[in-house]
2 protein chains.
Amino acid sequence: MRLAAPGKTLIDFGFRRAHGAEAGLMGARASWIAGFDGTATVLAGRRFGIPLSGTMAHALVQAFGDETAAFEAFARSRPDNVTLLIDTYDTLAAARKVAALAPRLAAAGVRVAAVRLDSGDLVALSRGVRAILDEAGQGGIRIIASGGLDEDDLAAFAAAGAPIDGYGLGTAMTTSSDVPSLDCVYKLEEFDGRPRRKRSTGKATWPGRKQVWRRFAADGAMQGDTVGLDGEAPAGAPLLAPVMRGGRRLAPSPPLAQARAHAAAQLAALPEPLRRLDPGHPYPVAISPALRALAAEFDAASQGPAS
Amino acid sequence: MRLAAPGKTLIDFGFRRAHGAEAGLMGARASWIAGFDGTATVLAGRRFGIPLSGTMAHALVQAFGDETAAFEAFARSRPDNVTLLIDTYDTLAAARKVAALAPRLAAAGVRVAAVRLDSGDLVALSRGVRAILDEAGQGGIRIIASGGLDEDDLAAFAAAGAPIDGYGLGTAMTTSSDVPSLDCVYKLEEFDGRPRRKRSTGKATWPGRKQVWRRFAADGAMQGDTVGLDGEAPAGAPLLAPVMRGGRRLAPSPPLAQARAHAAAQLAALPEPLRRLDPGHPYPVAISPALRALAAEFDAASQGPAS
C-alpha cells in the first residue's frame, strides 16, 4: 500500500476488522513502521506514539438527520483536523453543503481540513467533489477515501489520476486478505554440532548453520543474495545477527522511529521491479557450493540410520 | 471443517499461524465450540478446559537422527496418548518402524495411539500406512493427518475413502484464509425514537428497530426467516434478545459446554443443502411489508432535509 500510493497520506483504519484486540494494536504499529502516517486506534496512539487521525461516523450524520447540522456540530466540537464524512446520503450534494459551510466555520476560526468518501465510484466522485470545492474557493480542503480499499485499488486510483489526497485503510491492511497467513516454520538444521536435514516430499531443507549475504549496487539497490554456511565469506553483507544468547536478549528493541526509518530505507533499496504490485520479477538467490556439498554429504551419510 | 469430516477427530493446530497470541487462544476456543475435539495450545486447555492433544515435532526426530530411537524415547517419556510423527524422512519406512516398535512398547505398558502424516499424497500414504500397520496386527493404531489442510481437503479425503481417523487443522482454521475478514459493521437505524436509514450507493440499510423470526419444520430444520419491525408478529421464533441494558450485561456468558451443544444443535438444524461446502443453495429471507413501508415513508420524508 505504501509503495502503491507514493506521496499519499495513509491512515490505519484496521482495528475493527483485526483478528482480536491484540492483532489490531499490532497492525497499527506495523503499518506505522511500514510508512503509514497515522492510525484511528486511540490506544495505539497512546501506547506507541503514533499520530491519531480519524473522522466522524455515518451514525452521527444519521442521528442529526440534517447533514449540515451534523457537519457543523462535529467541526465546532472538535475543531482540530476536521474531516467530514460526506457519503451518507448523496456525496456531491454533501460536498456542496461543505463548500457552503466552510466559510462560515472559517469565520469562527474552525478550518475544515478534509472530506471523506466511503462508497461509490471513488474516481468519479473524487473528481466531482474536487470540482465543487475548487469552484467554491475551497481548494485547501483535502479528499480522503476509504471503504474496503486494497493496494490494487490504490494503484488504480493513482493510474487514473484521481484527486484523492489520502486513504483510510482497514480490512485489506489488517487482515492481509490475499495472503492471510505467513507460511513460516522453524526447522532443525544442526544439532549437537552436526548437520540435520528434513527430506519430506516437497518440504526438504538445507542442512547446517547458515548465513545470508546480500550484495548492493553502487546506488544502494539490492543486487542478490547468497545462502551459505556460517564461516564462509562470499561477497556481500551478512544479514543474520544474534539477538538472544543464553535465553536473554542481547539488546533492547530499537525505538519505533528507528524501525520506521529502517523500513523506509529497505523499501527504497528494493530493485524497481520488486517495488511493483505485479509478480514475476525474480530476485537472485544463490546457494553456495559448500552448502550444496554439505547437503549431499548428509544425504549419503544418513542413508543408513534414516532408512 | 466439522461438517466436511463427520465422525473424524479434529484437533486445533492453529496457534502458530494465528494473528497474535490472543487470536490463537480465541481460535482454540471457537473451534471447540464449533465441534472440534481438542487443541494443541496448552494455555487454551488450561484456561478453557479444552482437551489437549498434539504430537512430537520433526525437530525431535532430526535431533535423534535414528527415527526408531526418537519414537521410543518420545513414547516412553510421554506414555499417555502417544502419537508418532512419521513423515520426517520416508513415511512408509517409518510406518514399518512403528509396526516393529509397537509390540516392544506394549510389553513395557506403553500403547502407540496414532501416527501422524504431515506431507505428501495423504490419500495414498494413509492407505499404505494402514496396510502396513494392519498386516503387523496394529489395527488399533489410528492415522492422523495434517499439513495446511482446509475443509475442501477434508471433503476430498472423505470422498476418496482415505483411512484417516483424524486431522490436525491449523492455518486454514485459525486464519479462515478464504474469508479472512467478516464484513460486519454497526449502522444507526433508529435515533430518539425515529427511524434512520443510510442510502449510500450499494450500502443502503433498512430503517427502524427490528426483529428476525425463524420458522422451523416439524423435524426441527430451519425453513426461512422474516426480517420485520419490532412489535410485528409474523410466524416463527424471534432470534434477537437483549443482552445489555443500561450499560450492563443482563446475564453471564453461558458455560462453554452449553455454547458447544448449542452450536451442534444449530448445525444439525441447517437444511441439508446449507451443510454442504459448495455455495448456491439460497436460504429464504423475507422483508416484512411493514418494514418496506417504513423505508418508503422515510425516503419520502427525508428528501427535504437530506438533499
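In case you missed it, the structure is sitting above this.
Residues numbered from 1 in each chain as written. Chains lettered and ligands numbered in written order. Predicted model: local features only at pLDDT ≥ 70, side-chain atom pairs only at ≥ 80, totals over all residues. Heavy atoms only, no water.

## What to know about the packing of helix α5 (residues 91–107) of chain B against helix α6 (residues 122–135) of chain B
Helix-helix packing is described using two parameters, namely the angle between the two axes and the distance between the axes. Residue and element names in this part refer to chain B. How we decide: Note on geometry: axes are C-alpha line fits, over the in-contact stretch for helices, and angles between N-to-C directions span 0 to 180 degrees. Numbering of helices and strands starts at the N terminus; helices are DSSP runs of H or I of at least 4 residues and strands are runs of E of at least 2. Throughout this description, any angle smaller than 35 degrees is read as roughly parallel, any larger than 145 degrees as roughly antiparallel, any in the 65 to 115 degree range as roughly perpendicular, and the remainder as oblique. Handedness of a crossing follows from how the near helix is turned relative to the far one, being left-handed for an anticlockwise turn of less than a right angle and right-handed for a clockwise one. Only heavy atoms enter the contact rule, under which two residues are in contact if any of them lie within 4.5 Å.
As a packed pair, α5 and α6 sit with axes 9 Å apart at the nearest point and diverge in direction by 25°. On the basis of their axis angle, the class for α5 and α6 is roughly parallel. Crossing geometry of α5 relative to α6 is assigned as right-handed. On the side of α5, the interface is formed by T91, L92, A95, R96, V98 and A99, while α6 contributes L125, G128, V129, I132 and L133.

## Quick notes on the interface of chain A and chain B
Operational definition: Buried area, as used here, totals the accessible surface that two parts lose on assembly, with accessibility defined by a 1.4 Å probe and the loss added over both. Salt bridges are identified by distance alone: a Lys or Arg side-chain nitrogen within 4 Å of an Asp or Glu carboxyl oxygen.
At the interface, 48 residues of chain A touch 48 residues of chain B. With both chains or domains summed, chain A and chain B bury close to 3,800 Å², and 50% of this area falls on carbon and sulfur atoms. Broken down residue by residue, the surface that chain A buries against chain B is led by H19(A), Q62(A) and Y89(A), which jointly contribute 18%. Across the chain A-chain B interface, the total number found is 2 salt bridges. Residue D183(B) is joined to R17(A) by a salt bridge in which the shortest nitrogen-to-oxygen separation is 3.2 Å. For the side of chain A that touches chain B, the secondary structure elements donating two or more residues are α1 (21–34), α3 (58–64), α8 (171–174) and α10 (289–306) of chain A. Broken down by element, the residue count for the side of chain A that touches chain B peaks at 5 residues, all from α3(A).

## Some thoughts on the pattern of salt bridges
All names here are of chain B. To keep it simple, the criterion reads: Each residue's exposure class comes from its accessible area (1.4 Å probe, protein chains only) as a fraction of the maximum for that residue type: buried when under 20%, exposed when over 50%, partly exposed otherwise.
Considering all chains together, one arrives at 22 salt bridges over all chains under this definition. A salt bridge links R76 to E72, with the shortest nitrogen-to-oxygen separation between them at 2.9 Å. Separated by 4 residues within a single helix, R76 and E72 lie in helix α4 (residues 67–77), roughly one turn from each other. Residue class for E72 comes out buried when judged on its relative accessible area of 18%. D225 is the partner of R214 in a salt bridge, and the nearest nitrogen-oxygen pair spans 2.9 Å. One end of the pair, R214, is in strand β9 (residues 210–216); the other, D225, is in strand β10 (residues 222–229), with 11 residues separating them in the sequence. The exposure class of R214 is buried, given its relative accessible area of 15%.

## Concerning α6(B)
Count 3.6 residues to each turn of an α-helix, and residues three or four apart come out pointing the same way. All names here are of chain B. Spelled out, the test is: Multiply 1.5 Å by the residue count of a helix minus one, and that product is the helix's expected span. N or O atoms within 3.5 Å of each other form a polar contact, as long as, within protein, one can give a hydrogen and the other can take it, and as long as residues adjacent in sequence are counted only when both atoms are side-chain atoms.
For α6, with 14 residues, the first-to-last C-alpha span of 19 Å sits near the 20 Å given by 1.5 Å per residue. The complete set of buried residues in α6 reads L122, V123, L125, S126, V129, R130, I132 and L133. Buried-residue contacts for α6 involve α5, β4 (112–117), β5 (142–145) and α7 (151–160). The N-capping residue of α6, defined by a side-chain oxygen 3.1 Å from the backbone nitrogen of V123, is D121. Of the residues one or two after α6, G137 is the one with positive phi, at around 75°.

## Side note on the relation of the copies chain A and chain B
Convention followed: A least-squares superposition brings the copies together, and it is based on the C-alpha atoms of residues with pLDDT no lower than 70 in both.
For the pair chain A and chain B, the best superposition has an RMSD of 0.0 Å and corresponds to a rotation of 180° with a translation of 0.0 Å parallel to the axis. Such a combination of turn and shift is consistent with a two-fold rotation axis. Most of the interface of chain A is mirrored in chain B, where 100% of its interface residues are also at the interface.

## Let's talk about the packing of aromatic side chains
Operational definition: To pair, rings of Phe, Tyr and Trp, with the six-membered ring standing in for Trp, must have centres within 6.5 Å; the planes then decide the type, stacked if under 30 degrees apart, edge-to-face if over 60, and tilted in the middle. Consider the ring centre and the ring normal. A charge sits over the ring if Lys NZ or Arg CZ is within 6 Å of that centre and within 35 degrees of that normal.
Across all of its chains, the model carries 2 aromatic pairs over all chains by this definition. Here F157(A) and Y167(A) contribute two aromatic rings whose centre-to-centre distance is 6.1 Å and whose plane-to-plane angle is 15°, an arrangement assigned as stacked. Of the two residues, F157(A) sits in helix α7 (residues 151–160) while Y167(A) sits in strand β6 (residues 166–169), which places them 10 residues apart along the sequence. When the ring centre of F48(A) is taken as reference, the NZ or CZ atom of R29(A) above it lies at 5.9 Å. The ring of W206(B) has R197(B) lying over it, and the distance from NZ or CZ to the ring centre is 5.5 Å.

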